[in-house]
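Breakdown of the fold
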Amino acid sequence: MDIVTRISEALQRGDQDTVASLTAEALEHDLEPRMILDDGLIAGMDVIGERFRIHEIFLPEVLLAARAMYAGLDQIEPLLAASGIPARGKVVIGTVQGDLHDIGKNLVGIMLRGAGFEVIDLGNDVSPEAFVTAARENEARIIGMSALLTTTMPVMGETVERLEREGLRDEIHAIVGGAPVSEDFASQIGAVAYGFDGLSAVEIVKRLV
Ligand code: B1M
């Protein structure tokens, strides 16, 4: 079995030590960080998500898988983020209020930093007010919101409404992403764009800045 598949399987078992050692081994063998990320870590997490959906596994297993994901991600992050390009602009990012999923949002942050943007990461459970205040105070032109739960998606719309109320809609652009979010949803709530993954978020931000 190839090393990337072994990383995916170790992640599914929640075996963080093996994910850490296999990721280190893969990097020593010059495997592309993006390949380790997409075909190992994200692929493993996709299987976990599906097994959780059909009640084959439960929250403790998902938590262990998330911990194992970070054991690999922590090693890949410096490689994805190392661009050496001076900052091209500021982006405020966060996972919306009520939502604690932060793996995807962190990946988006890593890719943006790698593309040379200064990222102000507000973490998870971020209110519309906190997004808008951080963007205003840091003079950031972009707010990037992530949501993984259908129940927290409306917070994205509330943030856009808040920008409107404060007269900032033309100055600060809201972009949205996360597994349940879509292009249609983004235009319904008045966000300027929908990002499918970290790379597409980078493309959008480059276009907007
Ligand atoms: Co939760 N969870 N979870 N969970 N979890 C999902 C999202 C779920 C789909 C699982 C399922 O049922 N199959 C389901 C949501 C159902 C729904 O809303 N329709 C679910 C649920 C129900 C829950 C709880 C409610 C469970 C419970 O308590 N009963 C609970 C909610 C807690 C809360 O937030 N208030 C919960 C808890 C958790 C854990 C804490 C155990 C853990 C999170 C750990 C962490 O993040 N630190 C967890 C996990 C790991 C998942 C799954 C399995 C994996 C999510 C993930 O990290 N994926 C997830 C199933 C799934 O998504 N298939 C699930 C990997 C990550 C790289 O992908 O986040 O999609 P993703 O990010 C991608 C893109 O979406 C995009 O780029 C990223 C890179 O490609 N992207 C952006 C993301 N944000 C973006 C922003 C952008 C642009 C692109 O621009 C700004």
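Right above here is the structure, for reference.
Just so it is clear, the model here is predicted, and its values are computed rather than measured. (Residues numbered from 1 in each chain as written. Predicted model: local features only at pLDDT ≥ 70, side-chain atom pairs only at ≥ 80, totals over all residues. Heavy atoms only, no water.)

**Remarks on the coordination of the cobalt atom of the ligand**
- From the protein, the cobalt atom of the ligand takes a single donor atom, His101 (NE2), 2.2 Å away.
- With respect to the helices, strands and loops of the structure, histidine 101 is situated in the loop between β1 (90-95) and α5 (103-114). (Donors = N, O, S within 2.8 Å, 3.2 Å for Na, K, Ca; no water. Helix = DSSP H or I, 4+ residues; strand = E, 2+ residues; numbered from the N terminus.)

**A closer look at the pairing of strand β2 (residues 118-121)**
- Alignment of β1 against β2, held across four bridges, turns out to be parallel. Residue pairing for β2: isoleucine 93 is matched across the bridge by aspartate 121.
- In terms of handedness, the path from β1 via α5 over to β2 forms a crossover that is right-handed. (Pairing = 2+ DSSP bridges. Right-handed = clockwise from strand over helix to strand, strands pointing away.)

**Topic: the site of the ligand**
- Residues in close proximity to the ligand total 33 residues, the closest being Leu100, His101, Asp102, Ser146 and Thr150.
- Between the ligand and alanine 179, the relevant distance is 3.3 Å, taken from an oxygen atom to a main-chain nitrogen or oxygen of the residue.
- Of the residues that constitute the shell around the ligand, the class distribution is 18 nonpolar, eleven polar and four charged. (Near = heavy atom within 4 Å. Polar contact = N/O pair within 3.5 Å; in protein donor to acceptor, adjacent residues only side chain to side chain. Nonpolar A, V, L, I, M, F, W, Y, C, P; charged D, E, K, R; others polar.)

**Some remarks on the sheet that holds β2**
- One open sheet accounts for five strands, arranged β2-β1-β3-β4-β5; its pairing is parallel. This sheet does not close on itself; its edge strands, each paired only once, are β2 and β5 (193-195). Along the sheet, successive strands turn relative to each other by an average axial angle of 25 degrees, direction set aside.
- The strands touched by helix α9 (residues 198-208) within the sheet are β1, β3 (142-146), β4 (173-177) and β5, with β5 carrying the most contacts at an inclination of about 150 degrees. (Axes fitted to C-alpha atoms, helices over the stretch in contact; angles between N-to-C directions. Contact = heavy atoms within 4.5 Å.)

**What about helix α7 (residues 154-165)?**
- Its twelve residues place the ends of α7 17 Å apart at the C-alpha level, agreeing with the 16 Å of an ideal helix rising 1.5 Å per residue.
- When we look at burial in α7, the residues that qualify are Val155, Met156, Gly157, Thr159, Val160 and Leu163.
- Those residues of α7 hidden inside the fold are in contact with α6 (128-138), β3, β4 and α8 (183-189). (Expected span 1.5 Å × (residues − 1). Buried < 20%, exposed > 50% of the residue type's maximum accessible area, 1.4 Å probe, protein only.)

**With respect to the side chain of asparagine 106**
- If you trace the backbone, asparagine 106 turns up in helix α5.
- Of the residues examined, asparagine 106 reaches a relative accessible area of 17% and is grouped as buried.
- If we skip the residues at most four places from it in the chain, asparagine 106 touches Tyr70 and Asp121.

**So, the pairing of β1**
- A large share of β1 lies buried, amounting to five of its six residues.
- Two strands pair when backbone bridges link them, and β1 and β3 are joined in this way by five bridges, in the parallel orientation. Bridge assignment links valine 92 to a residue of β3, and that residue is isoleucine 143.

**Observations regarding unusual backbone geometry**
- Residues other than glycine seldom take positive phi values, yet histidine 55 does so here, at roughly 60 degrees.
- Mapped onto the elements of the fold, histidine 55 is located in the loop between α3 (33-53) and α4 (59-81).
- Backbone geometry at aspartate 125 places phi at a positive 60 degrees, although glycine is not the residue there.
- Among the residues examined, aspartate 125 registers a relative accessible area of 42% and is labelled partly exposed.

**So, the packing of helix α1 (residues 3-13) against helix α2 (residues 16-28)**
- Running from N to C, α1 and α2 point in directions that differ by 165 degrees, and their axes come no closer than 9 Å. Between α1 and α2, the angle is such that the two are roughly antiparallel. In terms of crossing hand, the pair formed by α1 and α2 is left-handed. Residues Ile3, Arg6, Ile7, Ala10, Leu11 and Arg13 of α1 lie in contact with α2, whose contacting residues are Thr18, Val19, Leu22, Thr23, Glu25 and Ala26.
- Here the residues of the contact of α1 with α2 are counted per class, giving seven nonpolar, two polar and three charged. (Parallel < 35°, antiparallel > 145°, perpendicular 65-115°, else oblique. Left-handed = near helix turned anticlockwise from the far one by under 90°.)

**Quick word on the nonpolar core**
- Ranked by size, the top nonpolar core spans 40 residues in total, and within it Leu11, Val19, Leu41, Met45 and Leu112 carry the most contacts.
- The set of elements that each furnish at least two residues to this core consists of α1, α2, α3, α4, β1, α5 and α9.
- Sorting elements by how many residues they give to this core places α4 first, with nine residues.
- Both domain 1 (3-82) and domain 2 (90-208) contribute no fewer than three residues apiece to this core.
- If we skip the residues at most four places from it in the chain, leucine 112 touches Val91, Ile93, Phe117, Val119, Ala201, Val202 and Val205.
- By size, the runner-up hydrophobic cluster in this structure holds 27 residues, among which are Val96, Val155, Ile189 and Tyr194. (Core = buried A, V, L, I, M, F, W, Y, C linked by side-chain atoms within 4.5 Å. Domains from an automatic or database assignment.)

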